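Listed below are the residues making up each chain.
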Amino acid sequence: MSDAQAFLRATSPDYSRWCGAMEVHRRLLTLNPEYAENRALIENTAFAYESMEQVTARQGLIDIPVVVHVVHSNSEQNVSDAQIHSQIDVLNQDFRASNPDVSKVPAVWQDLVADARLQFHLARTDPLGRPTDGITRTESAVDDWGTDDQVKFSLSGGQDAWPADIYLNLWVCQLRRGLLGYAQFPGGAASTDGVVVTHTALGTTGTATAPFDGGRTAVHEIGHWLNLRHIWGDDDEGCSGSDFVADTPNQGGANTGSPTFPHMTCGNGPDGDMFMNYMDYTDDAAMFMFTKGQSARMDATLDNARLTLTRQAVAV
């Protein structure tokens, strides 16, 4: 993406939310043949789960340990523990469909709302087995960051990842060009695995800034980390893209702001776009559901590409 395109995304109401996950995905596909091979296998497995040719055997919850790496160049970027805890609270509501605003899902889609049976907690032990609060803090000379993963390395002024087979790494920093966050899909290098969220879109308090002050940027990015695509299929504003989930309606591009139901594109009437889905681009207050098809894709990831992490979760 050029700087001019990025500026338009940052300043236009049509691009009020910007996620860099697909930008990272395309870069890795181009530069890393192993990533491309891994992605093919992961997508084959995801299809089998989403089409119910294969189903998860797990019955209970998965509790995922999270390490939050705060990388800051000033006091504002050095978000408080309270702001981080508010984000964990949002994750634990949204991935269990226990968020109060789930009641706003239109009646036609209420039976598609999914409890993904996921919980999150800040890590209690570090990679050496020592007690931790699950938060690292790194003062950096770098003022802001892009999608090039430099925030994930100490040598470039960021903070190295903790082992990705044990922890979900979540970096919090100042992202540039209007970027709210980005994630690495499963199948990439462990050293860059995880999600990145700009500090003004983290949690519900502190520096969190409307309209992205509901903690939904991290929900969206962790969706990508669990192999969910943008709901419109990333074909700009066409109708030929797919998120590879059968129970999410086809739609023509990202929705932004807070649309009114129904909003129709791509001949998807009478119900139109599922713009309240976490994998769209609407404001935090306007997104409040995952579907059962999306949950099946997450199950495929947790049973396979991220299985080692789920086996370690209880210990850390």
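Structure: see above.
The model shown is predicted, which means the values in this text are computed figures rather than measured ones.

Caption draft 1: The state of the cysteines, seen in detail. For the structure on display, the rule yields one disulfide. Between Cys239 and Cys266 runs a disulfide, and the two sulfur atoms are separated by 2.0 Å. The chirality of the disulfide connecting Cys239 with Cys266 is left-handed, given an S-S dihedral of about -90 degrees. On the criterion of sequence distance, the pair formed by Cys239 in the loop between α5 (216-225) and α6 (292-303) and Cys266 in the loop between α5 and α6 is long-range, its members being 27 residues apart.

Caption draft 2: Representation of the packing of aromatic side chains within the structure. Overall, the coordinates contain six aromatic pairs when judged by the stated rule. Between the aromatic rings of Trp109 and Phe261, the centroid separation amounts to 5.7 Å while the plane-to-plane angle is 75 degrees, which identifies the pairing as edge-to-face. Taken together, the residues Trp109 in the loop between α4 (81-94) and β2 (118-122) and Phe261 in the loop between α5 and α6 connect sequence positions 152 residues apart. We classify Trp109 as buried; its relative accessible area is 6%. Measuring from centroid to centroid gives 4.8 Å for Trp232 and Tyr281, while their planes differ by 75 degrees, and the two rings are edge-to-face. Of this pair, Trp232 sits in the loop between α5 and α6 while Tyr281 sits in the loop between α5 and α6, placing them 49 residues apart in sequence. Judged on exposure class, the residue Trp232 and its partner Tyr281 are both buried. Through a chain of ring-to-ring contacts, three or more aromatic side chains come together here, namely Phe95, Phe120, Tyr278 and Phe290. The positively charged end of Arg229 is found above the aromatic ring belonging to Phe185, 5.4 Å away from the centroid.

Criteria and thresholds
Residues numbered from 1 in each chain as written. Predicted model: local features only at pLDDT ≥ 70, side-chain atom pairs only at ≥ 80, totals over all residues. Heavy atoms only, no water. Disulfide = S-S within 2.5 Å. Helix = DSSP H or I, 4+ residues; strand = E, 2+ residues; numbered from the N terminus. Phe/Tyr/Trp six-rings, centres within 6.5 Å; stacked < 30°, edge-to-face > 60°. Buried < 20%, exposed > 50% of the residue type's maximum accessible area, 1.4 Å probe, protein only. Lys NZ or Arg CZ within 6 Å of the ring centre and 35° of its normal.

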